[in-house]
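Observations on the three-dimensional arrangement
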Amino acid sequence: MTAPDLDVDRWLVREPAVDVDRLAVTETLFSIANGYVGMRGTLEEGRPCEVRGTFLSGVFEHYPLSYPESSHGDPDQGQALVSVADGTVVRLLADGAAIDVESVEPLRHERTLDLRAGTLDRVVEWVLPSGTTLQVTSRRLVSLRERSLCALRYAVRAVDGPAHVVLRSDLAGLVGRPSVTKGDPRVEEALGDPFEVLEQQTSDAGGAMVARTRASAITVAAAVDHLVDGTATTTVETDEHVVRTTLTSDLAEGEELVLTKVLGYAWSRDGDAGDVLDLARAAVISGVDRGWDGLL
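Residues numbered from 1 in each chain as written. Predicted model: local features only at pLDDT ≥ 70, side-chain atom pairs only at ≥ 80, totals over all residues. Heavy atoms only, no water.

Remarks on helix α3 (residues 273-295)
The end-to-end C-alpha distance of α3 is 27 Å, clearly below the 33 Å that 23 residues give at a rise of 1.5 Å each. Of all the bends found along α3, the most pronounced is centred on aspartate 289 and spans about 60°. All of the buried residues along α3 are Ala273, Val276, Leu277, Ala280, Ala283, Val284, Gly287, Gly291, Trp292 and Leu295. In the core, the buried residues of α3 are packed alongside β12 (133-142), β13 (149-158), β15 (195-203), β16 (206-213), β17 (219-229) and β20 (256-268). The residue sitting at the N-terminus of α3 and contributing the capping side-chain oxygen is aspartate 272; that oxygen lies 2.9 Å from the backbone nitrogen of glycine 274. (Helix = DSSP H or I, 4+ residues; strand = E, 2+ residues; numbered from the N terminus. Expected span 1.5 Å × (residues − 1). Bend = angle between axes of the 7 residues up to and from the residue. Buried < 20%, exposed > 50% of the residue type's maximum accessible area, 1.4 Å probe, protein only. Contact = heavy atoms within 4.5 Å. Polar contact = N/O pair within 3.5 Å; in protein donor to acceptor, adjacent residues only side chain to side chain.)

Some remarks on the sheet that holds strand β9 (residues 97-99)
Ordered in space as β9-β8-β14-β19-β18, the five strands form an open sheet in which the pairing is antiparallel. Of all the strands in the sheet, just β9 and β18 (233-239) have a single pairing partner and so form its edges. This sheet shows a mean twist of 25° between the axes of neighbouring strands, independent of strand direction. (Pairing = 2+ DSSP bridges. Axes fitted to C-alpha atoms, helices over the stretch in contact; angles between N-to-C directions.)

Some words on a nonpolar patch on the surface
On the surface, a cluster of nonpolar side chains totalling about 260 Å² of accessible area is made up of Trp11, Leu12 and Leu115. Tracing the sequence through the fold places leucine 12 in strand β2 (residues 12-15). The exposure class assigned to leucine 12 is partly exposed, which follows from its relative accessible area of 32%. (Patch = residues over 30% accessible without salt bridge, like charges linked within 9 Å, V, L, I, M, F, W, Y side chains within 5 Å. Areas by Shrake-Rupley, 256 points an atom, 1.4 Å probe, with all protein chains shown as cover. Salt bridge = Lys/Arg side-chain N within 4 Å of Asp/Glu carboxyl O.)

What follows is the structure, given as structure tokens:
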């Protein structure tokens with residue numbers, strides 16, 4: 001795979017146009033992390049995608065190891081990082097059509113990793129079938145002050161005409177494919193479905209889930225809340241391994257809908273599931289209290 005075309009400054013790494021054939025490289029390159037939590041640089045709409053995931057330092061799952069010939073001291077299991085509940089996805093529908101870079105070719109698509117600020121910025125423009133130009137700007141970060149906090153701001157603006165917009169914001173517990181397979185179906189089975197979801201909850205503007213790895217017995221919780229600027233109707237629902245918050249809005253020409261998504265994480269090897277869930281929710285409360293500017 002060849003390297004993507006990038007503009008590089010001392011503190012900035014800029015991708016002037018999206019190349020879906022090089023997503024495996026750019027998703028890795030545009031990852032952001034703080035040493036405790038990290039998220040891959042995937043596109044917010046969820047597709048196209050090579051490997052989506054959010055990872056916590058210390059959260060792993062066991063997988064079986066086999067040998068053509070065994071010898072004394074051979075370990076019988078390996079360890080691999082596994083994605084926890086991922087909150088990077090905000091699916092976009094406009095005038096009844098799913099909007100992403102595969103379905104509708106963008107007029108403009110830029111991403112910039114700011115190494116000084118610790119943010120990943122994105123600007124996209126699409127022309128809808130109705131003729132309206134839709135502009136999306138996003139910024140994501142992981143907090144350097146509160147290690148278990150992440151945040152994403154996703155803004156949609158109808159530039160030159162009206163648009164009916166639906167945003168579907170996910171906190172998804174099963175994402176992507178295993179990071180390790182070794183050509184062994186037992187490994188893929190162990191890492192393809194590493195978590196047992198213990199509980200899912202919803203609130204007026206988000207929700208939470210807690211799960212435990214099946215073999216390594218690590219309890220992980222994730223929580224999310226949404227702050228909305230603009231006129232929108234909000235609903236929250238749960239599906240298998242997903243807490244989904246949906247916003248619907250009729251945007252007039254020049255109007256904007258801004259969604260700020262605050263995510264909190266916690267894990268423990270021997271803690272009670274309820275206690276770990278409370279820690280994740282407390283992180284989100286702290287993030288909401290700080291507000292976007294405070295987190296930034």
